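So the chains spell out like this:
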Amino acid sequence: MDGCKRPPRIAFLSANQPAGTHHARTPTMSSASAPSSSSPTSLRNAVIRLAGNSQDGIQSIGGFLARLAGRTAQEVMTYMTIPSTISGGPSIFQVHLGSGEVLHEGDEADVLVAFYKHSYENHISALRDGGICFYDTADMGPEDVKNERGIIHIGVPFTSATVEAVGGSTRDRGKNMFVLGMVCAVFNLDKEKLVGIVSRQFGRKDESVLRNALLAFDAGFAYQVGDVEKFAFVPGGAHGAHRISADGNQMLTLGLIAAGVRYGSAYPITPWSSIMETLRVELPKYGGLYVQAEDELAAVSMTIGAAFAGHLAITGSAGPGLSLKMEALGYASMAEIPLIVVNVQRGGPSTGLPTSVEQSDLMQAIYGSHGDSPRIVLAPKDVEDCFYIALEAGKLAKKYSCPVIILSDQALSSRIEAFEEPDLDKHWVEPTLDLSTRPEGFKPYPLDAITQHAPPGSKMAGGKYPVSTGLEHDEMGHPSGSPKMHTLMTAKRRNKLVQLSKELPLPVIHGDQTGDVLVIGWGSTYGPIKESVDRMRTEGHKVGALHLRHLHPMPDGLDGLFKKFKHVVCVEMNDSGLYGYGQLATLLRASLADPRIQSVCKTDGLAFRIREIVTGVEKIMAA
Amino acid sequence: MSSALVTPAAPATDKLTKKALTADHPTWCPGCGDFAVLNIFYRVLEKLQYPHENIVCVAGIGCSSRFPYFMNTHGIHFIHGRALPLATGISLSRPDVHVFVFGGDGDGFSIGGNHLNHAARKNIKLTYVIMDNFVYGLTKKQTSPTSPIGFKSKTDPTGSIDRPINPMRQLLASGATFIARTHAAQVKHMEAMFERAILHDGFSVVECLSECVMFYAGAFDDSTPRKGGTYDIIDETQHDVTNDVEAYKMAENLAPGKFGVYYQVNRPTKNALEQKWIDDTQSKLGGVSQKDVLKKRFETMR
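Position numbers for residues count from 1 along each chain, tracking the sequence in the order it is written. Written order determines the labels here, with chains lettered from A and ligands numbered from 1. Only residues with pLDDT of 70 or above have their local features reported here, since the model is predicted, and side-chain atom pairs are shown and tallied only from 80 upward, although totals for entire chains, interfaces and linings are computed over all residues.

Turning next to the overall build of chain B. Secondary structure elements are taken from DSSP: a helix is a run of H or I of four residues or more, a strand is a run of E of two residues or more, and numbering for both begins at the N terminus. Scanning chain B for helices and strands turns up 11 helices and 11 strands. Note on method: radius of gyration uses C-alpha positions; expected globular size equals 2.2 Å times residues raised to 0.38. Over its C-alpha trace chain B gives a radius of gyration of 21 Å, about what one expects of a compact globule, namely 19 Å for 302 residues. Along the three orthogonal principal directions, the C-alpha set of chain B runs to about 75 × 45 × 40 Å. Exposure in this text rests on C-beta crowding, where 20 or more other C-beta atoms within 10 Å of a residue's own make it buried, 12 or fewer make it exposed, and counts in between make it partly exposed. The C-beta atoms are placed from the backbone. For chain B, with 302 residues in total, the buried portion stands at 50%. In this description, any two residues whose backbone-derived C-beta atoms lie within 7 Å of each other are considered to be in contact. Excluding contacts between residues fewer than 6 apart, the proportion of contacts in chain B whose partners are at least 24 apart in sequence is 68%.

Right, dumping it as structure tokens:
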């Protein structure tokens with residue numbers, strides 16, 4: 001017990017506080033040094049930040065905690081940073097566990113676990129007033145601790161206790177498991193389930209690996225952290241039969257498979273790569289194939305080849321790779337080839353911040369090609385939605401025979417959430433390849449209908465075989481430079497998306513339906529915006545949150561919703577640009593000519609904190 | 001193919017004739033070597049009698065890349081330089097179709113040069129005909145990657161100074177498993193080369209010298225006997241087509257050089273290797289439905 005001479009009893013939020021207000025908690029630290037054997041204090045939410053180096057395995061224990069939450073009817077959202085180097089470098093994993101709805105990764109941590117002195121120094125500011133900091137006594141001592149803001153510092157010998165427990169020449173490998181055991185004890189987590197998850201993970205490896213991991217875990221579990229009070233989460237609400245925990249890239253991948261995608265090609269780039277790695281391994285199980293291409297140009301071209309061949313196909317990348325695919329995407333708009341393109345956005349431009357989050361590819365996704373090349377752009381709001389957005393993308397690509405871009409982002413790609421297992425009996429799409437004989441008079445590019453191609457292998461009853469083309473063409477696909485034909489065909493390619501915008505349901509406003517301010521967001525800011533709106537409403541403002549899932553085309557009739565609010569604010573993780581508006585705000589202002597639309601933007605490569613949104617929106621309201 | 005067929009490919013097809021294969025009249029200039037390539041391709045397809053609906057012609061951008069419009073088969077006219085990766089996507093996902101790629105020297109050796117290397121090393125099952133005219137014709141006379149040193153073009157008015165690509169050596173190094181060289185004015189030889197290329201199980205490339213009468217007239221006179229040149233055909237009793245080192249030596253001087261099969265070897269195609277992986281993977285699943293495979297995957301995430 002270094003750094004904490006008089007061990008206090010620490011209490012987090014108690015169970016009787018209503019859900020959704022935990023942001024307003026005031027930590028209470030009772031003065032009495034009650035015995036630690038008393039029954040655990042119950043709590044609804046806790047944010048645990050694990051800070052160390054990238055090789056310490058903190059991502060894996062963070063993952064174990066997240067999976068445990070999924071199995072114990074708790075909500076969870078994680079956040080991680082990894083250095084863009086292969087090994088070494090500081091890394092964090094933050095887990096927000098809760099018994100109610102967890103919408104964001106947590107503005108501040110309740111508990112900080114610092115593996116090193118540098119971890120402590122860099123992350124102590126992220127710990128809330130009165131929070132608990134566990135640090136490894138191997139790298140720092142009480143003299144390094146800043147006694148401020150009522151933070152409780154507890155020195156624990158992660159390293160030496162692990163070495164002692166595991167023995168042999170393990171050195172400090174396994175100290176992450178020691179920490180996991182300790183966290184399990186402090187938060188009264190379900191030890192049996194947690195050990196089960198750990199065992200399954202390590203069980204695939206050498207037997208000694210699992211044995212050592214469990215020895216370290218048990219040592220951490222048994223370690224007496226002193227008179228720190230034990231906590232327990234109140235039981236979570238009733239959930240469906242099964243819950244799963246996964247990250248965004250996993251759910252996007254599995255969603256694509258459920259949507260009937262069986263072919264595609266890509267080139268590795270962070271943070272997209274794990275999708276292509278998984279597709280490469282998974283698709284053969286479904287009779288499909290995912291190919292690593294020599295470059296981004298080849299990747300999109302191979303994918304268009306598979307799509308032309310009649311399959312639902314997918315390519316993907318991060319922002320720089322999407323730029324390289326743009327010429328071919330222009331072709332796909334012109335030739336009306338259906339395909340799905342995933343862009344896991346990161347900080348840009350250029351190599352930029354390859355392991356940070358940003359939403360700066362919206363304009364690129366919608367307009368980033370030569371010529372007038374309409375396409376569909378969608379963005380998932382959370383990890384669970386990654387699955388459903390992939391399903392929707394598949395349906396839209398087929399129906400409208402054009403490229404569909406899914407804009408995910410780095411935060412969504414790697415964070416873990418727990419949610420209800422998708423009902424495959426309801427959502428599964430059986431892949432089809434339509435090689436039916438096309439009737440006489442078949443037109444590949446009809447002016448009065450949406451293009452539906454006849455892939456190779458289809459007999460043409462009229463004897464005339466179609467050519468898919470990037471030249472402007474007539475209804476039969478013959479090249480045509482006629483001014484009238486280019487006007488008509490440009491309108492044909494645009495009007496199918498106008499039709500889609502009329503078919504899209506208007507988004508439902510969360511919170512007040514009329515009032516002071518409507519906060520608009522897209523993509524992974526969904527949770528933080530919803531939480532911010534809830535907070536502003538408890539403070540007496542009349543606020544609504546509107547999430548746009550369909551970014552191009554947007555649903556028809558948004559202006560009607562906007563009219564019911566005094567202010568309209570777009571919250572985006574991109575730059576406010578030369579004229580003071582983020583990318584979505586610029587689009588909305590241009591399309592709706594509503595000068596009330598304002599922006600709250602940021603470009604620090606981090607997800608929005610609740611207070612950043614609240615402060616930004618309140619500033620606009622006050623102006 | 002993983003997808004359920006809506007309708008299986010139709011059975012008995014009518015006999016494939018030149019008439020059935022002919023589409024728009026070519027937009028090429030009178031005298032262009034590409035006319036002969038088109039005619040010989042019709043003839044070879046008539047001979048092979050593949051089901052009409054299973055023939056796909058793919059091209060990028062260039063004069064010769066207009067090819068798909070002149071073929072009445074399924075076709076795709078794609079973007080500059082990317083015909084090969086596009087054709088790769090078709091070939092790997094549709095083992096039932098025959099994929100033919102047409103293009104010029106700019107498409108193949110310049111803007112699409114990297115794709116040629118990779119399609120070749122992966123041994124993608126398709127046939128690629130490069131109609132090489134040593135010049136950019138569609139854009140009206142700029143230097144091409146195969147233009148000889150000294151060739152005067154709009155981008156090299158005093159003559160090209162860059163060493164041209166040696167297509168045979170480049171293809172040998174890239175790992176293509178069938179490499180041949182022919183001439184649009186030598187129709188019988190061209191026909192033989194096309195047929196052997198198409199019947200080769202793997203990535204087959206034929207470089208076909210095809211004169212651009214507008215912008216590089218006389219480029220191939222040195223290999224055109226009626227213009228005083230020599231058409232020197234490789235004697236395969238003397239040349240071991242499986243010997244790449246010998247082929248490399250033979251390709252030292254391509255002005256005019258030799259014509260015929262430089263190299264042919266059997267190596268498993270990516271198509272076959274991937275299919276084996278798919279089959280092996282599926283055999284381990286014990287006939288579980290695709291939907292159940294995904295359901296089981298979700299179970300592991302609980």
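There is more to say after this.
Below, the discussion takes up the overall build of chain A. Scanning chain A from N- to C-terminus turns up 19 helices and 26 strands. Projected onto its principal axes, the C-alpha positions of chain A cover 90 × 60 × 45 Å. Within chain A, buried positions represent 55% of all 623 residues.

Another point: the interface of chain B and chain A. Of the residues lining the interface, 54 residues belong to chain B; the matching set on chain A comes to 62 residues. Elements with a minimum of two residues in the side of chain B that touches chain A: β1 (4–5), α3 (67–70), β3 (74–77), α4 (83–93), α6 (113–121), α10 (270–283) and α11 (290–299) of chain B. For the side of chain B that touches chain A, the leading source of residues is α4 of chain B, giving 8 residues. We call Asp, Glu, Lys and Arg charged. Ala, Val, Leu, Ile, Met, Phe, Trp, Tyr, Cys and Pro are nonpolar, and the rest, Gly among them, are polar. When the residues that make up the side of chain B that touches chain A are grouped by side-chain class, the tally is 26 nonpolar, 18 polar and 10 charged. What makes two strands pair is DSSP finding at least two bridges between them. Across 3 bridges, the pairing between strand β20 (residues 467–469) of chain A and β3 of chain B is parallel. Within the sheet, the bridge partner assigned to Ser-468 of chain A lies in β3 of chain B and is Ile-76 of chain B.

Moving on, we come to the domain arrangement of chain A. Residues and elements named next belong to chain A. Annotation of chain A at the domain level lists domain 1 (9–233), domain 2 (248–427), domain 3 (434–503) and domain 4 (510–622). Placing a centre on the C-alpha atoms of domain 2 and another on those of domain 4 gives a separation of 26 Å. Taken together, the contact pairs 20 residues of domain 2 with 20 residues of domain 4. Put simply, the parts of the chain that give the side of domain 2 that touches domain 4 at least two residues each are α11 (362–367), β16 (376–378), β17 (403–409) and α13 (410–414). Throughout the structure description, domain borders are defined by an automatic or database domain assignment.

The sheet built from 9 strands is open, its strands ordered β20(A)-β3(B)-β2(B)-β4(B)-β5(B)-β9(B)-β8(B)-β11(B)-β10(B) with mixed pairing. Strand pairing shows two members of the sheet lacking a second neighbour, β20 of chain A together with β10 (232–233) of chain B, which therefore form its edges.

Next up on the list: the pairing of strand β7 (residues 109–114) of chain A. When you tally the buried positions in β7 of chain A, you get 6 out of 6 residues, the bulk of the element. Taken together, β7 of chain A, helix α2 (residues 117–123) of chain A and strand β8 (residues 127–136) of chain A form a β-α-β motif whose crossover is right-handed. Orient the strands so they point away from the viewer; a crossover is then right-handed if the path from the first strand over the helix to the second runs clockwise.

Our next topic: the environment of Tyr-526 of chain A. Examined against the element boundaries, Tyr-526 of chain A turns out to sit in helix α16 (residues 526–538). Taking C-alpha positions, Tyr-526 of chain A is 9.0 Å from Pro-380 of chain A, a pair spaced 146 residues apart along the chain.

What follows concerns the environment of Pro-380 of chain A. Residues and elements named next belong to chain A. Here Pro-380 is to be found in the loop between β16 and α12 (383–400). Exposure remark for Pro-380: the 28 C-beta atoms within 10 Å place this residue in the buried category. It is 23 Å that separates the C-alpha atoms of Pro-380 and Ser-369, two residues lying 11 residues apart in sequence. Look past the residues within four positions of Pro-380 in its chain and what remains in contact with it is Asp-385, Cys-386, Ile-389, Ile-406, Ser-408 and Leu-412.

This next bit is on the sheet that holds strand β24 (residues 550–552) of chain A. All names here are of chain A. The strand order β13-β12-β14-β15-β17-β16-β24 describes an open sheet built from 7 strands, whose pairing is mixed. Whereas interior strands pair on both sides, the edge strands pair on one side only; in this sheet they are β13 (289–292) and β24. Taken over all neighbouring pairs, the strand axes of this sheet differ in orientation by 20 degrees on average, direction set aside. Where strand β12 (residues 263–266) lies against strand β14 (residues 313–317), 2 bridges are found, and the strand directions are parallel. Under this scheme, a helix contributes an axis fitted over its contacting stretch, all axes are lines through C-alpha atoms, and angles between N-to-C directions fall in the 0 to 180 degree range.

Residue and element names in this part refer to chain A. α12 packs onto helix α7 (residues 248–258) with a crossing angle of 25 degrees between their chain directions and a minimal axis gap of 7 Å. If you check the angle between α7 and α12, you find them roughly parallel. Where α7 crosses over α12, the handedness of that crossing is right-handed. Of α12, the residues touching α7 (which contributes Gly-248, Met-251, Leu-252, Leu-254, Gly-255, Leu-256 and Ala-258) are Val-383, Glu-384, Cys-386, Phe-387, Tyr-388, Ile-389, Ala-390 and Leu-391. Split into classes, the residues belonging to the contact of α7 with α12 amount to 12 nonpolar, 2 polar and 1 charged. Orientation is classified from the angle alone, with under 35 degrees giving roughly parallel, over 145 giving roughly antiparallel, 65 to 115 giving roughly perpendicular, and any other angle giving oblique. Take the far helix as the reference: if the near one is turned anticlockwise from it by less than a right angle, the crossing is left-handed, and if turned clockwise, right-handed.

On to the nonpolar core. Looking at soluble globular proteins, one finds that nonpolar side chains tend to be buried together. One finds Ile-340 and Val-519 of chain A together with Val-58 and Val-101 of chain B to be the most contacted residues of the largest nonpolar core, which totals 263 residues. Other than its neighbours up to four places away in sequence, Val-58 of chain B contacts Pro-68, Ile-76, Phe-78, Ala-83, Leu-86, Ala-87, Val-99, Phe-100 and Val-101 of chain B. Working definition: the nonpolar core is a set of buried Ala, Val, Leu, Ile, Met, Phe, Trp, Tyr and Cys residues, joined through C-beta atoms within 7 Å.

Residues and elements named next belong to chain A. Interhelical geometry of helix α3 (residues 158–166) versus helix α4 (residues 175–186) gives an angle of 100 degrees and a closest axis separation of 9 Å. Here α3 lies roughly perpendicular to α4, going by the angle between them. Residues Phe-158, Thr-159, Ala-161 and Thr-162 of α3 pack against Lys-175, Phe-178 and Val-179 of α4. Residues belonging to the contact of α3 with α4 are distributed by class as follows: 4 nonpolar, 2 polar and 1 charged.

Any residue range with low pLDDT should be treated as having predicted coordinates unsuitable for detailed reading. Confidence scores per residue from the predictor, reported as pLDDT, run from 0 to 100. A residue-level look at chain B finds 96% of positions with pLDDT of 70 or above and a mean pLDDT of 95. As scored by the predictor, the complex reaches a pTM of 0.92 and an ipTM of 0.97.

Before going further, it helps to examine α12 of chain A. Residue and element names in this part refer to chain A. To estimate how far a helix should reach, multiply one less than its number of residues by 1.5 Å. The end-to-end C-alpha distance of α12 is 26 Å, a good match for the 26 Å that 18 residues give at a rise of 1.5 Å each. For α12, every residue scored as buried is listed here: Val-383, Glu-384, Asp-385, Cys-386, Phe-387, Ile-389, Ala-390, Ala-393, Gly-394, Leu-396, Ala-397 and Tyr-400. Just downstream of α12, Ser-401 is the residue with a positive phi angle, here 45 degrees.

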